[in-house]
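# Descriptive structure summary
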Amino acid sequence: MIKRIYQIVCIVLFAGAITACVQSTAKETELHENLVNSESEFWFQRSISHVLLNRIVSKKTQVVWSTNFHTAAPVPIGAVGPEKYTKKLQGIIQNDSIGRVLKEAVADNMNVILVIGDGMGNMHMALPVYKRYAEKNKKPTMFEQIMKEGTCGYVYTGTSRGLVTGSAASGTAIACGQKTLMNMIGVDSTGMMLESAMSLAKKKNYKTALVTDAGITDATPAAFYAHIFDRDLENRVAMQLLLCDEVDVIFGGGASRFIPKGTKFSDFEQYAGQFDFDSSRKDSLNLIEEFKKKSYQFCCSTEQLEQLKKEKKVLGLFAEGGLPAPINRDSSTMNIPTVKEMGEKALELISNNQSPYFAMIECARIDWEAHDNDIGAVYEAVEDMNRVLESAYAYYKKDPEKTLLIFTSDHETGGLEIAYRKMPKEEAFRKKLANGDEWINLTNPLSYKQYLTNLNQQKKTVSKVLSGSHSTQELKQNIHRLLGFKITDEEAELLLYSMTDYKKYKD
Ligand SMILES: [Zn+2]
C-alpha cells in the first residue's frame, strides 16, 4: 500500500514538474517574443548582427544607446555675431526661431554661415570635449569657443504636432522659420510653400552656397531650396535645385539623381569622375548638362574642386549618395573632399564680393553613424564638424560686425549616453583615506584613460567590420584589429549566425 502511494506521489510530482517545465518554456518564449517585439519598435536595425555587435561594443565601452531613431532630446546651439541676432538664440528656443533669426539677418544684409550637425545631440558634441579633457588638452573645441564667446542655448526640435522630428521637418523650421509635419520640405503643414532664408538672400543678390556630406537632394540641404510634401521624391528635388536658380555653389553627394535613366556615371568621360554607379532617375534628363547650360562649372573630385574658377557658379557632386564616413577615410577616398574642404572652398568662392553671402554647411554623417549606434564613427564625424567650424570661424573673424555664424543640430539621434557600470563586489574600487576610513566604490564611472583608449582603438565603422568578415576567425581578427577588443569564439559564432542565417531583425 505504502509502495503504491509512493508511486502515485512520484507520478503526480513528475507530471507536475513536466507541466511546470512546459509552462515555463512557453512563458519564456512568450516573454522573449514580447521583448523582441517591443524592443524592435525602437531598434530598427539594418540587421541583428549589428544589434549584437553593438551590444558587445556597449559592454566594452560603457556607451549606451537607447534607440537607433531620432529622439526628442534638446540639441545645442551656439552663435557668434552681432548681438541683435545672437541674443535671440540664447537659452531655450524652438528650431523655427533659428529660421526667423536667419531671415532677420538677411534682411539686414549680414553674411550668414550656418553649420548643421545632423543628429547631433549634446552628448555627441561632448565626445570631442571629453577627448580633450582626457588628453589634458587645454585648447577648447570650436563648439566650446563659440558658445563661450557668443551665445549658448538649447533647441527644442519637435514638429508642428509631435515631440520627435526628422531632418525634413526640422530642416524646414531652421531654413524657413516655421514648423511643419514629418517628411515635408519647404512647405507648411497644409502643403503651402514657405520661403527659406536662403531664397530671401538670393532675392537680395546674395552669393549662396549649400554644402553637405550627404546627398545634395537629402532633406537638410533640400529644406533651403525645395518645396515638396515628401522628402523621398529626390529626383523631383534635384529638378527643383536646377530650376530654383538660388544656389551659386552646390557641393555634396547624390550624383545618381543627376544622370539620365539607364546610364552609369562612368558613361560620361567628360566628367573624368572616379565613380561607377547607376542612375536613380526615371527620365532621360541629364541634370549635370542642364546645370552647365546655366553656366555652372561641374566637378566630382578633390583635384577638380581645387581648380574651380571663382567667378563662375559650381555644381560639385562627389558620390553616388552620401560621402564616405570620416572614420573610413583612407587612400582610396583621397580624391573625395571632406566636408571641411568643401565648406572652405564654398566660403572662398562666395566671399570677397561686393554682395553679402549665405552658406549652409551640413555635417550629415553624425546622424548616419548615430543611426548605426556606432560610437567611434560618430566621434570622427563630430570632429569633422569641429574642423568645419574652424574654417567657418576664420571667415566670421574677417568681418565680425557683418557676419553671423551659427552652429546647431536638427534633432538628436540614438539617445546616446555614457553610463557607469556596476562592478562585482570583488572588483570594487577601494581606497584608504587619510583618516583611516575605507572608501569603496562599486560603480565604474569609465575613466578618462579608458575612454581615450576606446576611441583611439576604433579604426573603421562597425558595418565595415561586419561586411568584411566572412568566418568566425575573420570576425574575431577584424573586431580586434579595427574595433580594438577581443570577442570569444561563442560571440563570434553567434555573430556569424546572425549575419548569414538571421539577416533581418524586423521586415
Ligand atoms: Zn536630421
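What counts and what doesn't
Residues numbered from 1 in each chain as written. Predicted model: local features only at pLDDT ≥ 70, side-chain atom pairs only at ≥ 80, totals over all residues. Helix = DSSP H or I, 4+ residues; strand = E, 2+ residues; numbered from the N terminus. Buried ≥ 20, exposed ≤ 12 C-beta atoms within 10 Å, placed from the backbone. Contact = placed C-beta atoms within 7 Å. Expected span 1.5 Å × (residues − 1). Pairing = 2+ DSSP bridges. Axes fitted to C-alpha atoms, helices over the stretch in contact; angles between N-to-C directions. Parallel < 35°, antiparallel > 145°, perpendicular 65-115°, else oblique. Nonpolar A, V, L, I, M, F, W, Y, C, P; charged D, E, K, R; others polar. Domains from an automatic or database assignment. Core = buried A, V, L, I, M, F, W, Y, C linked by C-beta atoms within 7 Å. pLDDT = per-residue confidence, 0-100.

## Things to note about the overall build of the protein
Helix and strand counts for the protein stand at 19 helices and 18 strands. With respect to the three principal axes, the spread of C-alpha positions in the protein is 110 × 70 × 50 Å. The buried share of the protein, reckoned over its 507 residues, is 46%. Here the contacts in the protein between residues at least 6 apart in sequence split such that 70% fall between residues at least 24 apart.

## Structural notes on unusual backbone geometry
Look at N205: it is not a glycine, yet its phi comes out positive at around 65 degrees. For N205, a count of 12 C-beta atoms within 10 Å translates into the label exposed. For L446, which is not glycine, the phi dihedral falls at a positive 65 degrees. The topology assignment puts L446 in the loop between β18 (443-444) and α16 (448-457). The partly exposed category is assigned to L446, around which 17 C-beta atoms lie within 10 Å.

## Section: helix α2 (residues 48-61)
Here α2 contains 14 residues, and its C-alpha end-to-end distance of 20 Å stays within 8% of the 20 Å for a straight helix at 1.5 Å per residue. Of the residues making up α2, those classed as buried are I48, S49, H50, L52, L53, N54, V57 and T61.

## Digging into helix α7 (residues 167-176)
Burial of α7 is extensive: 10 of the 10 residues sit out of reach of the surface. Within α7 the residues assigned to the buried category are S167, A168, A169, S170, G171, T172, A173, I174, A175 and C176. In the core, the buried residues of α7 are packed alongside α4 (95-107), α8 (197-203) and α9 (219-222).

## Looking at the sheet that holds strand β12 (residues 403-408)
Read from one edge of the open sheet, 10 strands run β4-β6-β3-β12-β5-β11-β7-β8-β10-β9, paired in mixed fashion. With one partner strand each, in any of the chains shown, β4 (91-94) and β9 (296-299) form the two edges of the open sheet. Direction aside, the axes of adjacent strands within the sheet are offset by 15 degrees on average. Note that strand β3 (residues 75-80) and strand β6 (residues 151-156) share five bridges and pair antiparallel. By the bridge assignment for β6, A79 is matched with T151. Against the sheet, helix α6 (residues 142-149) engages β3, β6 and β12, with an angle of about 60 degrees to β3.

## Quick word on the packing of α4 against α7
Two numbers describe how α4 lies on α7: the axes approach to 5 Å, and their chain directions differ by 30 degrees. When the interaxial angle is binned, α4 and α7 end up roughly parallel. Here α4 contributes N95, D96, I98 and G99 to the contact with α7, which in turn contributes S170, A173, I174, A175 and C176. Its residues placed into classes, the contact of α4 with α7 shows five nonpolar, three polar and one charged.

## Here's the deal with the domain arrangement of the protein
Looking at the assigned domains, one finds that the protein contains domain 1 (46-62 + 439-507) and domain 2 (70-416). The straight-line distance from the C-alpha centre of domain 1 to that of domain 2 is 31 Å. Tallying the contact residues gives 15 residues for domain 1 and 16 residues for domain 2. The element contributing the most residues to the side of domain 1 that touches domain 2 is α16, with five residues. Per-class residue counts for the side of domain 1 that touches domain 2 are six nonpolar, six polar and three charged.

## A few points about the pairing of strand β16 (residues 429-432)
Here β16 runs beside strand β17 (residues 438-441); their pairing, made up of four bridges, is antiparallel. Among the inter-strand pairings, K431 is bridged to a residue of β17, identified as W439. Adjacent in sequence and paired antiparallel, β16 and β17 are bridged by five residues, among which G436 carries a positive phi angle near 100 degrees.

## Remarks on the nonpolar core
V115, A346, A359 and A392 are the most contacted members of the largest nonpolar core, which has 135 residues in total. Looking at this core element by element, the count peaks at 13 residues for helix α15 (residues 375-398). In this structure, A346 is in contact with A209, V211, V249, F251 and A359, ignoring residues within four places of it in sequence.

## Thoughts on the pairing of strand β11 (residues 357-363)
Here β11 lies mainly inside the structure; seven of its seven residues are buried. On β11, burial covers both faces: Y357, A359, I361 and C363 on one face and F358, M360 and E362 on the other are all buried. In the sheet, strand β5 (residues 111-117) pairs with β11 via six bridges, with the strands oriented parallel. Bridged to L114 within β11 is M360. Of the pairings in the sheet, the one linking strand β7 (residues 207-215) to β11 comprises six bridges and is parallel in character. Counted as the bridge partner of K207 is Y357 from β11.

## Some thoughts on the environment of N95
Summarising the element assignment, N95 is placed in helix α4. Residues N95 and P74, spaced 21 residues apart in sequence, show a C-alpha to C-alpha distance of 9.9 Å. Those residues in contact with N95 that lie beyond four places of it in its chain are V155, T157, S170, A173 and I174.

## Observations regarding the environment of I336
Mapped onto the fold, I336 is located in the loop between β10 (313-317) and α13 (339-350). Along the chain, I336 and D410 lie 74 residues apart, while their C-alpha atoms are 26 Å from each other. Discounting chain neighbours no more than four positions away, the residues touching I336 are T302, F318, A319, L323 and P324.

## So, the packing of helix α5 (residues 122-134) against α15
Interhelical geometry of α5 versus α15 gives an angle of 80 degrees and a closest axis separation of 9 Å. Relative to α15, the element α5 is oriented roughly perpendicular. Contacts between α5 and α15 pair H124, M125, L127 and P128 from the former with V378, Y379, V382, E383 and N386 from the latter. Of the residues assigned to the contact of α5 with α15, the class counts are six nonpolar, two polar and one charged.

## Let's talk about the confidence of the model for the protein
Taken residue by residue, the protein gives an average pLDDT of 92. The fraction at 70 or more is 91%. Counted against residues more than four places away or in other chains, residues 503-507, with its pLDDT under 50, gives nine contacts.

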